[in-house]
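Now for the letters of each chain:
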Amino acid sequence: MRPVLSFFFVSVWLAGGSSAAGSPLEEATAAVRAKDYPRASSLLLPLAHGGNPEAQFQLGLLLSHRKEVLEADHPQARLWYLKAARRGHIKAQFYLAWMLEDGQGGPKDPAEAAQWYLKAAERGHCWSQFGLGRLYAEGRGVDKGLAQAREWVRRSADGGYDYAKFYLGYLLAHHPDARPPDYTGALRWYRLAADRGIADAHYTLGIMRYKGQGMPKDLGRAVERFRKGAETDHPPSQHALGECYARGHGVPKDAATARDWHKKAADNGWPEAARALGATAIHYPQPVQVIEAGPRPDVSDAGIRIGIVARDDPAQAWGVARERFPEDRKGQLLHQLAMKVSDSA
């Protein structure tokens, strides 16, 4: 069993560093808080060009995270992060590593990502410690090494990153190279993560209770864990809870409740839940550049839903498509809503 991993980054609100009151950097920070992003950008640009690493970092954030107002420009964001990172800005080092790893704003380069994660990780940046540990766990950009992965993720967990607590449990017991699995150590970290509201931890503890891994088998307590995860809209937990109701494991058998939970999981994109409903899971094709940049998705047992805009002139067709789903925050939300109400389940 391999838990579903979700690696989330917390959005960073711009915060003035050691700038003096009334300085351009502080005015830019105030403009961001007032959501006046064009003014913030105009204030930051001269400072960034002048070599101010905080301004360079904040400009990178504007270009990569303020999609609801500004056009995202990931290549420029990556460039500003690089400039700030070279000047020792620890958060810029992290965000640069993230973009290098993910292929945002340019080609993927996990080896260079590892180097920037390391620079920030050695200075105690917990997100970078987690990122570096994950690269070691997966053997991307560095030689695969479970011991190194555990060490860096442990530092991240000790530094306060809650998801690292879950991932450390995974590395101790459920990573393919964890032989023999350390269930005792894993349980400690999974529980700490669950206490901090990490849904993956609730789900994994439920699976361990269900199978009797590292603790006595107890279907009722497994259901309690699945329910805690399901109530946070966690698709694997919703599916697992539906399965328990469908089979009468730990709860009275209840086909209607099982279907409700399967439906919620299917609506959240969990293909096993769609199959449990007798439906076909739907895969939404990604742009060619996205597909080519990463591993090909397995759609062998899924349907593919596409939308076609037909016009005599290609430019006109693209114009209609972009008008329907503009490349801004509103367009993204409209596209998500369109997918949400699909007939996949």
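J.: Explanation requested: the overall build of the protein chain in the structure shown.
T.: From N to C terminus, the protein chain includes 18 helices and two strands. For the protein chain, the residues scored as buried account for 43% of the 345 residues in total.

J.: Which parts of the structure should I look at to understand the packing of aromatic side chains?
T.: Remark: the centre distance and the inter-plane angle together describe each pair of aromatic rings, the angle taken between the planes. Enumeration according to the criterion identifies 14 aromatic pairs in this entry. Between F57 and Y81, the ring centres sit 6.0 Å apart and the planes meet at 40 degrees, which makes this aromatic pair tilted. Of this pair, F57 sits in helix 3 (residues 53-65) while Y81 is found in helix 4 (residues 74-86), placing the two residues 24 residues apart along the sequence. Taking the relative accessible area as the measure of exposure, F57 reaches 3% and is therefore buried. Exposure remark for Y81: the relative accessible area of 0% places this residue in the buried category.

J.: Would you mind showing me how to read the environment of R78 here?
T.: With respect to the secondary-structure elements, R78 resides in helix 4. Owing to a relative accessible area of 13%, R78 belongs among the buried residues under this scheme. Along the sequence, R78 and L61 sit 17 residues apart, while their C-alpha atoms lie 9.5 Å from each other. Setting aside residues up to four positions removed in sequence, R78 forms contacts with L96, M99, L100, G103, Q104, G105, G106 and P107. At 3.3 Å, the side chain of R78 forms a polar contact with the backbone oxygen of G106.

J.: Got a minute to help me understand the environment of A230 in this structure?
T.: Here A230 lies in helix 12 (residues 219-230). A C-alpha to C-alpha distance of 9.0 Å links A230 and K264, two positions 34 residues apart in sequence.

J.: Before we go on, may I ask you to explain unusual backbone geometry in this structure?
T.: What is expected of a backbone is that most residues other than glycine have negative phi and most peptide bonds are trans. With an omega of -5 degrees, the peptide bond between R179 and P180 qualifies as cis. Topologically, P180 is positioned in the loop between helix 9 (162-173) and helix 10 (183-195). Non-glycine residue K35 carries a positive phi angle of around 60 degrees. Within the secondary structure, K35 sits in the loop between helix 1 (24-33) and helix 2 (37-49). Phi angles above zero are rare outside glycine, and D233 is one such case at about 70 degrees. Along the chain, D233 falls in the loop between helix 12 and helix 13 (235-247).

J.: Can you walk me through the packing of helix 5 (residues 90-102) against helix 6 (residues 110-121) in this structure?
T.: To characterise two packed helices, one gives the angle between the axes of the helices and the distance between these axes. Packing of helix 5 against helix 6 brings their axes to within 8 Å, and their N-to-C directions diverge by 160 degrees. The angle between the axes of helix 5 and helix 6 places the two elements in the roughly antiparallel class. Taken as a pair, helix 5 and helix 6 cross one another with a handedness that is left-handed. From helix 5, I90, Q93, F94, L96, A97, W98, L100 and E101 reach across to helix 6, where they touch P110, E112, A113, W116, Y117, K119 and A120. In terms of residue class, the contact of helix 5 with helix 6 is made up of 11 nonpolar, one polar and three charged.

J.: Sorry, what's going on with the pattern of salt bridges here?
T.: When their charged atoms lie close together, side chains carrying opposite charge are able to pair. Within the structure shown, the criterion is met by 11 salt bridges. Residues K263 and D267 are paired through a salt bridge, measuring 2.9 Å at the closest nitrogen-oxygen approach. Of this pair, K263 and D267 both sit in helix 14 (residues 255-267), four residues apart, roughly one helical turn. D267 gets classed as partly exposed once you look at its relative accessible area, which sits at 30%. For the salt bridge of E272 with R275, the shortest nitrogen-to-oxygen distance reads 3.9 Å. Linking E272 with R275, this pair stays in helix 15 (residues 271-276), spanning three residues, or about one helical turn.

J.: In this structure, what is going on with the packing of helix 9 against helix 10? I would like to understand it.
T.: Direction vectors running N to C along helix 9 and helix 10 enclose 160 degrees, while the axes themselves pass 8 Å from each other. With respect to each other, helix 9 and helix 10 are oriented roughly antiparallel. Like other packed secondary-structure pairs, helix 9 and helix 10 cross with a definite hand, here left-handed. Taken together, the residues of helix 10 that come into contact with helix 9 (itself represented by D162, K165, F166, L168, G169, Y170, L172 and A173) are Y183, G185, A186, W189, Y190, L192 and A193.

Procedures and definitions
- Residues numbered from 1 in each chain as written.
- Predicted model: local features only at pLDDT ≥ 70, side-chain atom pairs only at ≥ 80, totals over all residues.
- Heavy atoms only, no water.
- Helix = DSSP H or I, 4+ residues; strand = E, 2+ residues; numbered from the N terminus.
- Buried < 20%, exposed > 50% of the residue type's maximum accessible area, 1.4 Å probe, protein only.
- Phe/Tyr/Trp six-rings, centres within 6.5 Å; stacked < 30°, edge-to-face > 60°.
- Contact = heavy atoms within 4.5 Å.
- Polar contact = N/O pair within 3.5 Å; in protein donor to acceptor, adjacent residues only side chain to side chain.
- Axes fitted to C-alpha atoms, helices over the stretch in contact; angles between N-to-C directions.
- Parallel < 35°, antiparallel > 145°, perpendicular 65-115°, else oblique.
- Left-handed = near helix turned anticlockwise from the far one by under 90°.
- Nonpolar A, V, L, I, M, F, W, Y, C, P; charged D, E, K, R; others polar.
- Salt bridge = Lys/Arg side-chain N within 4 Å of Asp/Glu carboxyl O.

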